[in-house]
Each structure stands twice: as C-alpha cells, then as structure tokens.
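# Structure at a glance
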Amino acid sequence: KMHGSIESVTSLLAELQAATSEFPKGSEVGVCPTFVHLPMVREQLASSAIRIGAQNANAQEQGAFTGEVSAQMLAEFGVHYVLVGHS
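Residue positions within a chain follow its written sequence, with the count starting from 1. The model is predicted, so local features are restricted to residues of pLDDT at least 70 and side-chain atom pairs to those at 80 or more, both for listing and for counting; the totals for chains, interfaces and linings are taken over all residues. Water and hydrogen atoms play no part in the side-chain values, which are based on all heavy atoms of the structure.

## Topic: the overall build of the chain
Helix and strand definitions follow DSSP, with helices as H or I runs of at least four residues and strands as E runs of at least two, each counted in order from the N terminus. Helices and strands together make up the secondary structure of the chain, namely three helices and three strands. Starting at the N terminus and ending at the C terminus, the chain contains elements arranged as α-β-α-β-α-β. Along the three orthogonal principal directions, the C-alpha set of the chain runs to about 45 × 30 × 25 Å. Relative accessible area decides the class of each residue, using a 1.4 Å probe on protein chains only: under 20% of the type maximum gives buried, over 50% gives exposed, and in between gives partly exposed. Counting over 87 residues, the chain shows a buried share of 24%. The long-range share in the chain, meaning contacts at least 24 apart out of those at least 6 apart in sequence, stands at 53%. When the accessible area of the chain is evaluated, it comes to approximately 6,200 Å², of which 55% is carbon and sulfur surface. Positive and negative side-chain charges of the chain, numbering 4 and 8 respectively, have mean locations separated by a distance of 7 Å. Contacts were defined at the residue level, with two residues in contact if any of their heavy atoms lie within 4.5 Å. Residue-level accessible areas treat just the shown protein chains as cover; the underlying method is Shrake-Rupley with a 1.4 Å probe. In this count, Lys and Arg are taken as positive residues and Asp and Glu as negative ones, while His and the chain termini are left out. Where a charge sits is defined by one atom per residue type, namely NZ (Lys), CZ (Arg), CG (Asp) or CD (Glu).

## Observations concerning the packing of aromatic side chains
Stacked, tilted and edge-to-face are the three classes assigned to paired rings of Phe, Tyr and Trp, where Trp is represented by its six-membered ring and a pair needs centres within 6.5 Å; plane angles under 30 degrees give stacked, over 60 edge-to-face, the rest tilted. In the structure shown here, the tally under the stated rule is zero aromatic pairs. Placement of a positive charge over a ring is assigned whenever Lys NZ or Arg CZ falls within 6 Å of the ring centre and within 35 degrees of the normal to the ring plane. Of note, Arg-42 hangs over the ring of Phe-77, and the distance from its end group to the ring centre comes to 3.8 Å.

## What to know about the nonpolar core
Each nonpolar core is a collection of buried residues, namely Ala, Val, Leu, Ile, Met, Phe, Trp, Tyr and Cys, held together in the definition by side-chain atoms within 4.5 Å. Core analysis: the biggest nonpolar cluster contains 13 residues, and Leu-13, Val-31, Val-41, Leu-45, Ile-52, Leu-74 and Val-79 have the highest contact counts within it. At the level of secondary structure, the elements contributing two or more residues to this core comprise α1 (6-18), α2 (38-44) and β2 (51-54). Those residues within four positions of Val-31 in sequence are excluded, and the remaining contacts are Leu-13, Leu-16, Val-41, Leu-45, Ile-50, Arg-51, Ile-52 and Gly-53.

## Focus on the sheet that holds strand β1 (residues 30-31)
Either a parallel or an antiparallel arrangement is found when strands of a sheet pair, and the pairing is made through backbone hydrogen bonds. Ordered in space as β1-β2-β3, the three strands form an open sheet in which the pairing is parallel. Two strands close off the open sheet at either side, each with one partner strand: β1 and β3 (81-82). Only strands joined by at least two bridges in the DSSP assignment are considered to pair. Sheet analysis places β1 next to β2, joined by two bridges and oriented parallel. In the sheet register, Val-31 faces β2, and the bridge partner there is Ile-52.

## Points about the environment of Leu-45
Along the polypeptide, Leu-45 turns up in the loop between α2 and β2. Since its relative accessible area comes to 3%, Leu-45 is described here as buried. Residues contacting Leu-45, with those up to four places away along its chain left out, are Leu-13, Gln-17, Val-31, Ile-50 and Ile-52.

## What to know about the pairing of β2
The crossover handedness rule: strands pointing away from the viewer, path from first strand over the helix to second strand clockwise, crossover right-handed. With respect to chirality, the unit in which β1 leads through α2 into the neighbouring parallel β2 is right-handed. For the crossover from β2 across helix α3 (residues 71-76) to β3, the handedness is right-handed.

Listed below in structure tokens is the structure:
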C-alpha cells in the first residue's frame, strides 16, 4: 500500500520494537514497508528480531521491467518475505 511517511514509519517501528517482549514465544514478526522506506527500515531494525518483507516482487530475475524489483534483488538487500497476490 502507499501509506507512510518517514515519521510515521519510524514511529510504527519503534512501537513494534517496544512490544517484542509481548510476541508469542517462537513467533516470527515481519514488516513490509514500501520500497522507498526499505533502507530506513533495514537500518532501524538492524539489531531487532523483526524481519523485513517487501510488498511485491517480479518473477523475472532481470530484464527491462521498469519499476520492478526481482526476488534476487530483495534477497541481496536482506528481505525475508514478500507479499504476493495481496490487494
């Protein structure tokens, strides 16, 4: 979705990090920010157990697909999850 500003994403991540002790033991928690927020989110969550996901990925490894991001590109960036087929 196209929601979030630097301020709102930073605030949401801080709230999630503060609540990590309340997560059920053994659970995995991830966030899927917009592509433009991925670098900031990765930096803010560097020492956190919260994982990073992406909102989309193209099935192609590479090519002339303007604006698209491949799963390989996301993996190199440290993304663990991708939302596929969501609305």
